[in-house]
2 protein chains.
Amino acid sequence: MKGPEAGRVSIKAVAAASGVSPATVSKVLSGRAEYPVRTETAERVRQVARELGYVPDVAARNLRTRQTGQLGVVLEAVGPSEPDNLLGEPEASRAVSRTFDGAIMAGLSGAARELDVPALVVYPGGQQLARTYLDGRVDGLLVSCDPLRGHDLLERLSGTALPVVALWSEQVPPGMGAADVDHAGGAAQAVNHLLELGHTRIAFYGGGQASGVEHFQRREAGYRGALAAAGLTALPPLHDGTALVEAVRRGTVTAVFAETDLGAAAAFQALSGAGLSVPQDVSLIGFDDIQGAEYIAGGLSTVYHPAAEMAAEGVRLLLEQLAGHPPRQVLLPTRLVLRDSTGPNPGGD
Amino acid sequence: MKGPEAGRVSIKAVAAASGVSPATVSKVLSGRAEYPVRTETAERVRQVARELGYVPDVAARNLRTRQTGQLGVVLEAVGPSEPDNLLGEPEASRAVSRTFDGAIMAGLSGAARELDVPALVVYPGGQQLARTYLDGRVDGLLVSCDPLRGHDLLERLSGTALPVVALWSEQVPPGMGAADVDHAGGAAQAVNHLLELGHTRIAFYGGGQASGVEHFQRREAGYRGALAAAGLTALPPLHDGTALVEAVRRGTVTAVFAETDLGAAAAFQALSGAGLSVPQDVSLIGFDDIQGAEYIAGGLSTVYHPAAEMAAEGVRLLLEQLAGHPPRQVLLPTRLVLRDSTGPNPGGD
DNA sequence: CTGTTAGCGCATTCAG
DNA sequence: CTGAATGCGCTAACAG
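What comes next is a walk through the structure. (Residues numbered from 1 in each chain as written. Chains lettered and ligands numbered in written order. Predicted model: local features only at pLDDT ≥ 70, side-chain atom pairs only at ≥ 80, totals over all residues. Heavy atoms only, no water.)

### Topic: the overall build of chain A
Thought 1: Scanning chain A from terminus to terminus reveals 11 helices and 11 strands.
Thought 2: Among the 349 residues that make up chain A, the fraction classed as buried is 53%.
Thought 3: Across chain A, the fraction of contacts at a sequence separation of at least 24, relative to all contacts at a separation of at least 6, is 70%.
Thought 4: Surface accessibility of chain A: about 14,600 Å² in total, with carbon and sulfur atoms responsible for 52%. (Helix = DSSP H or I, 4+ residues; strand = E, 2+ residues; numbered from the N terminus. Buried < 20%, exposed > 50% of the residue type's maximum accessible area, 1.4 Å probe, protein only. Contact = heavy atoms within 4.5 Å. Areas by Shrake-Rupley, 256 points an atom, 1.4 Å probe, with all protein chains shown as cover.)

### Focus on the protein's contact with DNA strand D
Thought 1: As a structural note, the neighbourhood of DNA strand D is formed by 27 residues, with K27 of chain A together with I11, Y54, R61 and R64 of chain B the closest of them.
Thought 2: Within 4 Å of the protein, atoms of DNA strand D come from sugar and phosphate in 67% of cases.
Thought 3: The contact in question runs from a phosphate oxygen of DNA strand D to an N or O atom on the backbone of S21 of chain A, over 3.0 Å.
Thought 4: Within the side chain of R32 of chain B, one N or O atom sits 2.7 Å away from a phosphate oxygen of DNA strand D. (Near = heavy atom within 4 Å. Polar contact = N/O pair within 3.5 Å; in protein donor to acceptor, adjacent residues only side chain to side chain.)

### Topic: the protein's contact with DNA strand C
Thought 1: The local shell around DNA strand C holds 26 residues, among which I11, R32, R61 and R64 of chain A together with R64 of chain B are the closest.
Thought 2: Near the protein, within 4 Å, the atoms of DNA strand C are sugar or phosphate in 64% of cases.
Thought 3: Within the side chain of R64 of chain B, one N or O atom sits 3.0 Å away from a base nitrogen of DNA strand C.
Thought 4: Where the surface near DNA strand C is concerned, the elements lending two or more residues are α2 (22–30) and α4 (58–65) of chain A together with α2 (22–30) and α4 (58–65) of chain B.
Thought 5: Element by element, the count of residues in the surface near DNA strand C is highest for α4 of chain A, at four residues.
Thought 6: The residue makeup of the surface near DNA strand C, split by class, is 11 nonpolar, seven polar and eight charged. (Nonpolar A, V, L, I, M, F, W, Y, C, P; charged D, E, K, R; others polar.)

### Notes on the side chain of T342 of chain A
Residue and element names in this part refer to chain A.
Thought 1: In this structure, T342 sits in the segment after β11 (335–337).
Thought 2: In this structure the side chain of T342 is engaged in a polar contact, spanning 2.9 Å, whose partner is the side chain of H193.
Thought 3: At 2.9 Å, the side chain of T342 forms a polar contact with the side chain of S301.

### Some remarks on the sheet that holds strand β6 (residues 202–205) of chain A
Residues and elements named next belong to chain A.
Thought 1: If you trace the three strands from one edge of the open sheet to the other, you get β6-β7-β8, paired in parallel fashion. The strands lining the two open edges of the sheet, one partner per strand, are β6 and β8 (283–285). With strand direction ignored, the average angle separating the axes of adjacent strands in the sheet is 20 degrees.
Thought 2: When β6 meets strand β7 (residues 255–258), the two strands line up parallel, connected through four bridges. Paired with A203 across the two strands is V256, which belongs to β7.
Thought 3: On the sheet, helix α8 (residues 214–229) packs against β6 and β7 and is oriented at approximately 175 degrees with respect to β6. (Pairing = 2+ DSSP bridges. Axes fitted to C-alpha atoms, helices over the stretch in contact; angles between N-to-C directions.)

Below, the structure written as structure tokens:
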């Protein structure tokens with residue numbers, strides 16, 4: 001039984017118990033080949049260490065080696081107690097990140113595990129505090145950017161010696177890595193899908209207040225780009241349910257690309273409230289593939305948002321930087337998820 | 001300009017620059033009253049520290065003080081790369097935690113910020129690895145319990161000197177704190193709401209495979225308890241859409257309490273596919289208040305699941321334990337969220 | 001009130 | 001191949 005004393009076994013105790021010096025124990029347990037130790041001795045030391053329940057003290061190790069192996073994480077959405085935003089940030093922005101914080105953590109954890117990062121240090125201050133990330137707690141920092149405010153932190157960090165990778169950000173100060181989702185590309189996938197179904201009158205549903213959110217702007221840009229590439233022009237964006245219903249009734253639009261799945265849900269609610277059906281009267285496609293998307297609009301066609309993959313990529317990028325490579329910027333590809341809310345264009349065009 | 005050299009300013013440099021000894025600097029910057037320092041001196045030291053951009057080295061501090069102020073976190077859902085479960089864990093279990101990991105992190109972060117916890121250390125190994133949490137990285141550990149596997153880890157941890165608080169767990173080994181959601185109470189709130197609307201034939205929708213999940217069992221128990229308290233007997237549980245539709249058509253049930261919001265979404269889909277409407281033909285209430293619940297079933301009445309609050313409470317409990325208080329177990333109250341999927345019982349009874 | 005001394009536990013020299 | 005000596009940066013004890 002190792003017992004509660006396990007934490008108190010130091011390298012010195014192991015050394016004494018196995019009849020070697022602390023230095024030798026350290027060499028053995030470091031596992032590194034550049035320290036030649038007789039196999040026999042090494043074996044015995046390892047055995048004794050195991051028996052004694054030796055656990056290396058990371059504080060001492062960190063102090064000595066001047067690094068931790070740990071990566072820092074700044075999450076953007078830090079909970080209900082976060083002070084209200086002074087900039088009048090649209091609610092949509094926060095909702096997006098709240099939706100994906102779980103996925104972010106999952107992606108980070110998965111990558112960390114695979115790449116042998118012993119721990120992730122989450123700074124609870126979010127991006128509010130100008131606190132220091134340079135206190136030696138971590139070797140590098142992942143910043144999950146607020147679409148509206150993230151850049152401040154990045155700017156402040158850009159002068160420091162701390163390697164940084166931005167998540168959810170395409171543009172970063174020089175010297176930083178970045179991983180983001182290809183919002184424009186995803187929007188184009190959605191629009192192309194509708195085009196292939198024969199639709200030509202395709203509207204964008206969303207925008208309005210939330211247009212301050214860069215991701216959504218890129219989605220709209222992707223939508224416009226895909227239409228332009230097909231020789232079509234974008235219709236005026238639909239900002240609410242009544243405008244949508246009206247446009248569908250008039251036959252002005254036969255398909256709708258919603259900014260988000262939640263937007264698609266709202267659109268569907270307006271539509272079905274007006275007696276219009278999906279996809280018979282109008283095709284509907286969203287963006288995000290949120291949990292429960294299969295229950296929206298009788299099974300929502302949408303674009304998968306690779307938040308977890310992006311986070312995992314961020315870990316890889318940061319580790320790359322720590323290994324001395326120059327920072328890179330990466331855009332993660334989305335993927336169509338087709339369910340039942342999109343169908344062929346019934347009309348002539 | 002502090003510049004990239006900020007991290008290299010040690011307490012010794014500050015001492016030299018302000019003409020005092022390192023110890024005095026330490027005393028000043030510790031801010032603790034038990035070390036009396038002349039206000040004048042203190043002022044000067046602080047000033048110099050600021051000018052030099054001094055940042056305390058946590059590794060050194062941790063080594064010296066034998067504590068970190070940091071709290072460890074073991075999240076259960078650790079992403080897509082998690083090795084498949086050998087126990088045949090129902091998908092539902094994972095879905096629940098994935099849904100709430102974002103909320104958990106938000107709650108932890110918020111509480112950590114308010115209570116001046118400098119950082120949360122997330123162990124990426126999840127509950128898979130038997131890795132050590134005793135390496136001095138953290139002063140205490142929060143374990144977000146897998147409904148099925150969490151207890152193993154808790155057992156293994158219960159012999160150690162590390163203070164532990166379990167999240168999402170009612171029963172814990174002696175000596176541990178715990179915070180959980182009051183699933184049974186929440187279910188009772190839902191059922192009581194239906195009873196107040198005049199329903200007496202109230203069915204539980206869910207169970208089936210997922211019945212291995214303790215939380216869901218407690219929800220069902222709460223449902224039964226509330227009915228029993230009203231002098232009613234529970235109906236046979238409905239495990240799928242067809243059973244549900246049939247029961248409603250027969251008039252056997254007039255109201256349904258679904259195990260989860262996602263379950264409610266599935267129920268609604270089956271119902272509306274069969275031409276039945278909510279709440280006219282049958283009232284429907286869920287559990288969780290997931291994002292998008294307002295779009296389920298035309299606005300789902302449900303029970304708010306205080307995951308973030310539970311996590312925040314966990315931080316408080318752990319800090320309490322670290323301060324020497326005995327561990328406590330806390331159940332977080334749920335709250336009804338009424339929307340449009342529940343209505344009065346139209347029938348005679 | 002302030003300075004001096006002594007280590008926290010480990011990883012790295014450099015001798016042997 | 002192994003061991004003795006050194007110090008990472010800080011803070012707790014004690015001496016002034």
